[in-house]
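# Fold and contact review
Listed below are the residues making up each chain.
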Amino acid sequence: VQSFANEEHEKKLFDVDNQNFRQTKLMAYKTMAKSMSVTYMMMRLVTVFVMLCGAWFFLSGRIELGEFMAFLLLSNVFFRPIEKINAVIESYPKGIAGFRRYLEIMDTEPDIADAPDAVELDRVVGNIRYEGVTFGYDPAKPILNSIDLSIRAGETVAFVGPSGAGKTTICSLLPRFYELDGGRITIDGIDIRDIKLDSLRRHIGIVQQDV
């Protein structure tokens, strides 16, 4: 962002997202406020109704003062579970939304996985072959097209070319960070797709471009 003096543009993008988030929060708080207000008013109206009815029954001699007070207290005790249920109803959508996101992540199948009959790579000599390797991040636009390459054990190879030519991609295909669109890569004559991922990557040392 700073390299391209793009701060103002990014601020505008952030402001749009921030405003959308703010509007969503305001809608949520308004809904919660309405729900809590209606619940509170209903409970207080019930209390007033009980007091009026109790007072009328007491004045007409149908109940004693103690009975009136007991019924008033019991009606207030009855509100406690209603308040708890209301709190649960309030928190349930938040919890279920988070739980669904969690399940989506946990249910995500990896793009690259071990073959059912994958083997352990015990001892490595280090002969590497790329045979007709074709790959593209977008299958319709291949970056590498029918690459043939042979690297003998102990040999040092450097890839030279302009940015975007596929140098890093060639290296990333060996530890199976991406799956080939065509061809195959072998280590000591074994197709890397027939080797267990952890076993394959355990035998490869990587020095990142950005250290």
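Below or above, wherever it landed, is the structure these notes cover.

Cut-off values and rules
Here, residues in each chain are numbered from 1, in the same order as that chain's written sequence. A pLDDT threshold of at least 70 governs which residues receive local features in this predicted model, and a stricter bar of 80 or more applies before side-chain atom pairs are shown or counted, although totals over entire chains, interfaces and linings include all residues. Think of the side-chain values as coming from all heavy atoms in the structure, minus any hydrogens and water. Secondary structure elements follow DSSP: runs of H or I of four or more residues count as helices, runs of E of two or more count as strands, with numbering from the N terminus. Exposed residues in this analysis have more than 50% of their type's maximum accessible area, buried residues have under 20%, and partly exposed residues fall in between, with area computed by a 1.4 Å probe over protein chains only. Any Phe, Tyr or Trp ring, taking Trp's six-membered ring, that has another such ring centre within 6.5 Å forms a pair; planes under 30 degrees apart are called stacked, those over 60 apart edge-to-face, and the others tilted.

### Notes on the environment of Leu-200
Topologically, Leu-200 is positioned in helix H4 (residues 197-202). Residue classification places Leu-200 among the buried positions, given a relative accessible area of 0%. Sequence separation between Leu-200 and Asp-122 is 78 residues, and the spatial gap between their C-alpha atoms is 9.4 Å.

### So, the packing of aromatic side chains
All chains considered together, the criterion is met by five aromatic pairs. Ring geometry for Phe-135 versus Tyr-137: centroids 5.0 Å apart, planes at 80°, classification edge-to-face. On the accessibility criterion, Phe-135 (4% relative accessible area) is buried. Of the residues examined, Tyr-137 reaches a relative accessible area of 46% and is grouped as partly exposed. An aromatic cluster is defined as three or more aromatic residues linked by ring pairs; in this entry it consists of Phe-135, Tyr-137 and Tyr-178.

### Describing unusual backbone geometry
For Ala-5, which is not glycine, the phi torsion reads 50° and is therefore positive. Exposure remark for Ala-5: the relative accessible area of 61% places this residue in the exposed category. A positive phi angle, near 55°, is found at Asp-188, a position not held by glycine. The class for Asp-188 is partly exposed, based on a relative accessible area of 27%.

So far we have only geometry, and geometry alone does not tell us how the molecule works.
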